[in-house]
Amino acid sequence: MKASLHPFRAPLGLATADGTLAWRAGHWIEAGGGVGEIVAWPGFGSGPAAVQAALARPLPGAPIAEVDDLTRLPPLLPEIRHGLSLALLDGLARRRGLPLARLLHEDAPLWAPTHVQVADAAEARAATRQGATALKVKIGGAPLAAERRRLSAIREAAGPAARLRLDANGRLADPDAWLHALADLDVEWWEQPAPVGAPLPAAAAVLALDEAIQTAADVDAAAAAGVAVVVLKPAFLGGLLAARDLARHAASRGLRVCLTHGFESAVGRAGAAHLAAAMVPELPDLAGGLLPPGPAPLDAGRLHLADRPGHGGWP
């Protein structure tokens with residue numbers, strides 16, 4: 001069996017603290033009768049340069065008959081292992097006539113918990129009307145006073161029941177000042193407030209780590225530091241099964257898990273969504289950050305998956 005690569009460049013239109021990301025580029029990979037996705041991102045995993053260099057070498061063929069056969073894949077960069085293993089899992093699920101989530105766990109529901117990323121009050125109001133119960137907001141791209149005004153407007157528009165998750169991507173020079181200034185906004189968690197390796201805030205708050213979590217040792221260090229939530233992206237961790245193992249390890253250490261993606265195309269997003277659905281029976285408090293694009297309706301914060309074989313893309 002051979003694996004074949006297909007470069008893509010897909011519109012993204014994602015507002016971040018550093019501006020709007022108009023496009024997302026990567027490779028779709030066909031193998032074993034299924035489709036996976038390989039993407040890279042600065043600050044996560046191996047990084048774009050290493051992934052591009054690795055893609056210049058031939059990819060291995062690896063037909064599988066059972067999910068556990070993926071453990072015998074040869075050593076690969078995490079991003080490439082993710083793409084190849086997702087394709088193989090998709091192909092196996094198609095041959096079995098199962099949605100990917102139910103290949104991974106027979107009792108998986110066909111929905112996954114998620115939040116919606118918003119940038120302002122209008123988007124927050126629209127998201128809650130569409131069924132979002134948790135909102136993610138990128139912060140740190142403007143001075144604290146300006147961010148305070150923006151976040152207060154978002155909280156007012158979303159209402160008191162909405163859960164607010166703030167993500168600084170390590171941009172806050174003085175995280176404690178931010179936590180104190182925004183304490184009244186009832187933030188569910190603060191994600192990566194300080195750069196990787198920097199001291200965590202001393203102020204009492206629910207902390208989540210994303211960029212800092214790559215291995216089980218990172219999870220152990222987070223638990224020892226009093227972190228409450230780990231955010232896991234299968235695309236940078238070596239695939240769905242590697243992310244599942246890391247999620248189970250985090251849960252065993254008393255940490256809450258948020259499964260999300262790395263702004264992949266429909267292929268990678270679908271894989272992450274099916275993994276989240278497959279983990280719901282194991283982790284009832286699982287959080288999702290699947291970021292449905294556009295006005296996708298949600299049902300009480302749940303993103304519904306298509307009842308068809310494989311990962312099927314977005315419904």
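Note that the coordinates shown come from a computational prediction; the quantities given were computed from them, not determined experimentally.

Chemist: Can you break down the environment of Ala-101 residue by residue, with the values?
Modeler: Mapped onto the elements of the fold, Ala-101 is located in helix H3 (residues 100-104). A sequence separation of 209 residues divides Ala-101 from Gly-310, and the C-alpha atoms of the two residues are 8.4 Å apart.

Chemist: Would you mind going over the packing of aromatic side chains in detail, with residue names and values included?
Modeler: Taken as a whole and judged by the stated rule, the model has 3 aromatic pairs. Ring geometry for Phe-8 against Trp-28: centres 4.4 Å apart, planes inclined by 15°, an arrangement best described as stacked. Here Phe-8, found in strand E1 (residues 4-16), pairs with Trp-28, found in strand E2 (residues 19-31); they are 20 residues apart in sequence, far enough to count as distant. For Arg-302, the ring lying beneath its charged end belongs to Trp-111, and the centroid distance is 3.7 Å.

Chemist: Can you explain the side chain of Asp-167? Please cite residues and give values.
Modeler: Note that Asp-167 resides in strand E7 (residues 163-167). At a separation of 3.2 Å, a polar atom in the side chain of Asp-167 contacts the side chain of Lys-136. Here Lys-138 takes part through its side chain, which lies 2.8 Å from a polar atom of the side chain of Asp-167. Sequence-distant contacts of Asp-167, defined by excluding residues within four places in its chain, comprise Lys-136, Val-137, Lys-138, Ile-139, Glu-191 and Gln-192.

Chemist: Break down helix H2 (residues 78-96) for me, citing the residues and quoting the values.
Modeler: Think of an α-helix as 3.6 residues a turn; residues three or four steps apart then line up on the same face. The end-to-end C-alpha distance of H2 is 26 Å, a good match for the 27 Å that 19 residues give at a rise of 1.5 Å each. Buried residues dominate H2, accounting for 14 of its 19 residues.

Chemist: So what's going on with the pattern of salt bridges? Residues and values would help.
Modeler: Throughout the structure, instances matching the rule amount to 14 salt bridges. With its nearest N and O atoms 3.4 Å apart, the salt bridge here joins Glu-66 to Arg-96. With Glu-66 in the loop between helix H1 (48-54) and H2 and Arg-96 in helix H2, this residue pair connects regions lying 30 residues apart in the sequence. With relative accessibility at 45%, the residue Glu-66 sits in the partly exposed group. When salt bridges that share partners are traced, they join Lys-136, Lys-138, Asp-167 and Glu-191 into one network.

Chemist: An account of the sheet that holds E7 is requested, with residue identities and associated values reported.
Modeler: Reading across the sheet, the 8 strands line up as E5-E6-E7-E8-E9-E10-E11-E12 and stay open at both edges, with parallel pairing between neighbours. Strands with a single pairing partner mark the edges of an open sheet, and in this sheet they are strand E5 (116-117) and strand E12 (287-289). Alignment of strand E10 (residues 229-232) against strand E11 (residues 256-260), held across 4 bridges, turns out to be parallel. Directly across from Val-229, in E11, lies its bridge partner Arg-256.

Chemist: Lay out the side chain of His-82 with the relevant residues and their values.
Modeler: Mapped onto the secondary structure, His-82 falls in helix H2. Residues contacting His-82, with those up to four places away along its chain left out, are Glu-37, Pro-234, Ala-235, Gly-238, Gly-239 and Glu-264.

Chemist: Could you give an account of the nonpolar core, naming the residues involved and the relevant values?
Modeler: Counting 87 residues, the largest nonpolar core has Leu-104, Leu-135, Ile-139, Leu-166, Trp-190, Leu-232 and Val-257 as the members making the most contacts within it. Apart from the residues lying within four places of it in its own chain, the contact partners of Val-257 are Val-230, Leu-232, Ala-247, Ala-250, Leu-283, Leu-286 and Ala-287.

Chemist: Describe in detail the packing of helix H4 (residues 121-129) against helix H5 (residues 144-158), supporting the description with residues and values.
Modeler: In the contact formed by H4 and H5, the axes pass within 8 Å of each other and the chain directions differ by 25°. Between H4 and H5, the interaxial angle falls into the category roughly parallel. In this structure, H4 meets H5 at a crossing whose hand is right-handed. Each of Ala-121, Ala-124, Arg-125 and Thr-128 in H4 lies in contact with H5, whose residues at this interface are Ala-153, Ile-154, Ala-157 and Ala-158. Here the residues of the contact of H4 with H5 sort into 6 nonpolar, 1 polar and 1 charged.

Chemist: Just give me the short version of the environment of Asp-120, but keep the residues and values in it.
Modeler: Considering the arrangement of structural elements, one finds Asp-120 in the loop between E5 and H4. Between the C-alpha atom of Asp-120 and that of Ala-157, which follows or precedes it by 37 residues, the distance is 9.0 Å.

What counts, and where the lines are drawn
- The written sequence of each chain sets the order in which its residues are numbered from 1.
- At least 70 in pLDDT is required for a residue's local features to be given in this predicted model, at least 80 for side-chain atom pairs to be given and counted, and no such filter applies to totals for whole chains, interfaces and linings, which use all residues.
- The side-chain quantities take in all heavy atoms of the structure and omit both hydrogens and water.
- Helix and strand assignments follow DSSP, with helices taken as H or I runs no shorter than four residues and strands as E runs no shorter than two, numbered in order from the N terminus.
- Stacked, tilted and edge-to-face are the three classes applied to pairs of Phe, Tyr and Trp rings, where Trp contributes its six-membered ring and a pair requires centres within 6.5 Å; stacked means planes under 30 degrees apart, edge-to-face means over 60, and tilted covers the rest.
- Counted as over-ring charges are cases with an Arg CZ or a Lys NZ within 6 Å of the ring centre that also lie within 35 degrees of the ring normal.
- Side-chain atoms alone can form a polar contact between residues adjacent in sequence; in general such a contact is a pair of N or O atoms within 3.5 Å, and within protein one must be able to donate a hydrogen while the other accepts it.
- By definition in these notes, contact holds between two residues if any of their heavy atoms fall within 4.5 Å.
- Expected helix span is computed as 1.5 Å times (number of residues minus one).
- Burial classes follow relative accessibility: with a 1.4 Å probe on protein chains only, a residue under 20% of its type's maximum area counts as buried, one over 50% as exposed, and anything between as partly exposed.
- For salt bridges, the criterion is a side-chain nitrogen of Lys or Arg within 4 Å of an Asp or Glu carboxyl oxygen.
- A pair of strands is considered paired only if DSSP assigns at least 2 bridges between the two.
- Here, the term nonpolar core denotes a set of buried Ala, Val, Leu, Ile, Met, Phe, Trp, Tyr and Cys residues that are joined through side-chain atoms within 4.5 Å.
- The angle between two axes is taken between their N-to-C directions and runs from 0 to 180 degrees, where each axis is a line fitted to C-alpha atoms and a helix contributes only its stretch in contact.
- Note on terminology: angles under 35 degrees are roughly parallel, angles over 145 are roughly antiparallel, angles of 65 to 115 are roughly perpendicular, and the others are oblique.
- Note: crossing handedness is left-handed where the near helix turns anticlockwise from the far helix by less than a right angle, and right-handed where it turns clockwise.
- Residue classes follow a fixed rule: Ala, Val, Leu, Ile, Met, Phe, Trp, Tyr, Cys and Pro count as nonpolar, while Asp, Glu, Lys and Arg count as charged, and any other residue, Gly among them, counts as polar.

Note that all results are geometric; they support no functional claim without further evidence.
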